[in-house]
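Spelled out from the first residue to the last, the chains are:
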Amino acid sequence: MAERRDEKQLIVSDGIVQSMPVFAKELVAGGVAGGMAKTVVAPLERVKILFQTRRAEFQSVGLLGSFKKIVQTEGLLGFYKGNGAGVARIVPYAALHYMAYEQNRRWIISTFPDIRRGPVLDLVAGSIAGGTAVLFTYPLDLVRTRLAYQVVEQSKVNTIRQPYPEPVYREIADCLSKIYKQSGIKGLYRGAAPSLYGIFPYSGLKFYFYEKMKSSVPEEHKKDITVNLISGSVAGLLGQTLTYPLDVVRRQMQVQALASSIDGGKALGTKESLILIVQRQGWKQLFSGLSINYLKVVPSVGIGFTVYDAMKSWLRVPSREEKK
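Everything numeric here is computed off the predicted structure, so don't read it as measured data. (Residues numbered from 1 in each chain as written. Predicted model: local features only at pLDDT ≥ 70, side-chain atom pairs only at ≥ 80, totals over all residues. Heavy atoms only, no water.)

A few points about the overall build of the protein chain
- Per the secondary structure count, the protein chain includes 13 helices and zero strands.
- Taken from the N to the C terminus, the helices and strands of the protein chain come in the order α-α-α-α-α-α-α-α-α-α-α-α-α.
- In the protein chain, which comprises 324 residues, the proportion classed as buried is 50%.
- Summarising the internal contacts of the protein chain: among those between residues at least 6 apart in sequence, 77% fall at separations of at least 24.
- Counting only carbon and sulfur atoms, one obtains 63% of the accessible surface of the protein chain, whose full area is about 16,400 Å². (Helix = DSSP H or I, 4+ residues; strand = E, 2+ residues; numbered from the N terminus. Buried < 20%, exposed > 50% of the residue type's maximum accessible area, 1.4 Å probe, protein only. Contact = heavy atoms within 4.5 Å. Areas by Shrake-Rupley, 256 points an atom, 1.4 Å probe, with all protein chains shown as cover.)

Below you can see the structure in the form of structure tokens.
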């Protein structure tokens, strides 16, 4: 009886998969890939944000000291502060990102049939896809940063008489609501400009390097997990290095309302923020947290591409040759 029930469930699930349109399969594959990759690297992401946004008490103790400090003050769950918003953002972001990349690539080929296939095509399709995904999901990235920026003071922990400090934002909905009430829609897109400036080259370069590396691998090894992990890791590493300063500018713009480190919390544009960071904090601040980002990007992008390819295979997404 149990075997028949399992068989029926397999038939039903198989039928659902077969009936799904290709773009829906790509959305599901991208969302699962993004959520898994984001959760794996959440602790490194939390520390990186604290470095980028100039939390002096963390910058002064370094990477290992920061991990120890978070454990002492907030416990293991402190590593995942803001991760709910991060996953809530990354699932639709990654879903849109991968799906838009595939759709853009198909549209370019169908519109310009004589265009050369290869990494340059992936660069263009990936860049447009990155911008699309950012525009739709940016407010959740802003929320993720502000929640992660809030820390529990050392002196106020492990004390029976003294209560925990009151956080400005309690949860995702609370944060979105307060930002909207204070600054409207414009406030929800605070720091979006450097995100777009950075995502166009980063997203394009990420797909470019990934497809470029895989094109040099023998056909029989292209679906190997190791190949996908290495190709994705190197692609993320190279793409992020070239665009990282804009990521720092974006983070500092996102927390200006909470910190007085940049011009008393006054809202500044991308160019002004970039200049002010260099003038007041030095050019090295533009690369603050980059070493942590390397540790994060290698597994994150590698896992993302690997899970995405595996999900496409499981969902039976036609190969690019079959789609032509």
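Concerning the pattern of salt bridges
- Per the counting criterion, the structure on display carries seven salt bridges.
- A salt bridge links D141 to R250; its shortest N-O distance comes to 2.2 Å. You can see D141 sitting in helix α7 (residues 119-149) and its partner R250 sitting in helix α10 (residues 225-254), a full 109 residues away along the chain.
- Residue classification places R250 among the buried residues on the basis of a relative accessible area of 11%.
- Between R250 and D247 there is a salt bridge, with the nearest N and O atoms lying 2.1 Å from each other. Of the two residues, R250 and D247 are both situated in helix α10; the distance of three residues between them amounts to about one turn of the helix.
- Judged by its relative accessible area of 8%, D247 is buried.
- Through salt bridges with shared partners, a single network forms among D141, D247 and R250. (Salt bridge = Lys/Arg side-chain N within 4 Å of Asp/Glu carboxyl O.)

Examining the packing of aromatic side chains
- What the rule picks out here adds up to 10 aromatic pairs.
- With a centroid separation of 4.1 Å and 20 degrees between ring planes, the pair formed by Y98 and Y308 is classed as stacked. You can see Y98 sitting in helix α6 (residues 83-111) and its partner Y308 sitting in helix α12 (residues 290-314), a full 210 residues away along the chain.
- A ring pair is formed by F207 and F305, whose centres lie 5.6 Å apart and whose planes are at 85 degrees; its orientation type is edge-to-face. You can see F207 sitting in helix α9 (residues 192-215) and its partner F305 sitting in helix α12, a full 98 residues away along the chain. Of the two residues, F207 and F305, neither departs from the other in class, the shared state being buried.
- The structure contains a cluster of three or more aromatic residues connected by ring pairs, namely Y98, Y101, F207, Y210, F305 and Y308. (Phe/Tyr/Trp six-rings, centres within 6.5 Å; stacked < 30°, edge-to-face > 60°.)

Quick look at the packing of α6 against α9
- At a minimum axis separation of 13 Å, α6 and α9 run at an interaxial angle of 60 degrees. Between α6 and α9 lies a crossing whose hand is right-handed. On α9, the residues touching Y93, H97, Y98 and Y101 of α6 are I199, S203, K206, F207 and E211.
- Considered class by class, the residues forming the contact of α6 with α9 number five nonpolar, two polar and two charged. (Axes fitted to C-alpha atoms, helices over the stretch in contact; angles between N-to-C directions. Left-handed = near helix turned anticlockwise from the far one by under 90°. Nonpolar A, V, L, I, M, F, W, Y, C, P; charged D, E, K, R; others polar.)

Concerning the nonpolar core
- Core analysis: the biggest nonpolar cluster contains 43 residues, and Y93, Y98, V134, I179, I199 and F305 have the highest contact counts within it.
- When residues of this core are traced back to their parent elements, those giving at least two are α2 (22-40), α6, α7, α8 (172-188), α9 and α12.
- Leaving out residues up to four positions away in the same chain, Y98 has contacts with G30, A33, F207, G304, F305 and Y308.
- Membership of the second largest hydrophobic core comes to seven residues, among which are V47, F51, F79 and I292. (Core = buried A, V, L, I, M, F, W, Y, C linked by side-chain atoms within 4.5 Å.)

Topic: the packing of α7 against α9
- Where α7 meets α9, the axes come as close as 7 Å, and the angle between the chain directions of the two elements is 145 degrees. Regarding α7 and α9, the two cross each other, and that crossing is right-handed. The segment α7 lies against α9, with P119, V120, D122, L123, G126, S127, I128, G130, G131, V134, L135 and Y138 engaging A192, S195, L196, I199, F200, S203, G204, L205, F207, Y208, E211 and K212.
- When the residues that make up the contact of α7 with α9 are grouped by side-chain class, the tally is 14 nonpolar, seven polar and three charged.

Here's the deal with α10
- End to end, α10 covers just 36 Å across 30 residues, shorter than the expected 44 Å (1.5 Å per residue, more than 12% under).
- At T243, α10 is bent by approximately 60 degrees, the largest bend along its length, and proline P245 sits one to four residues beyond. (Expected span 1.5 Å × (residues − 1). Bend = angle between axes of the 7 residues up to and from the residue.)

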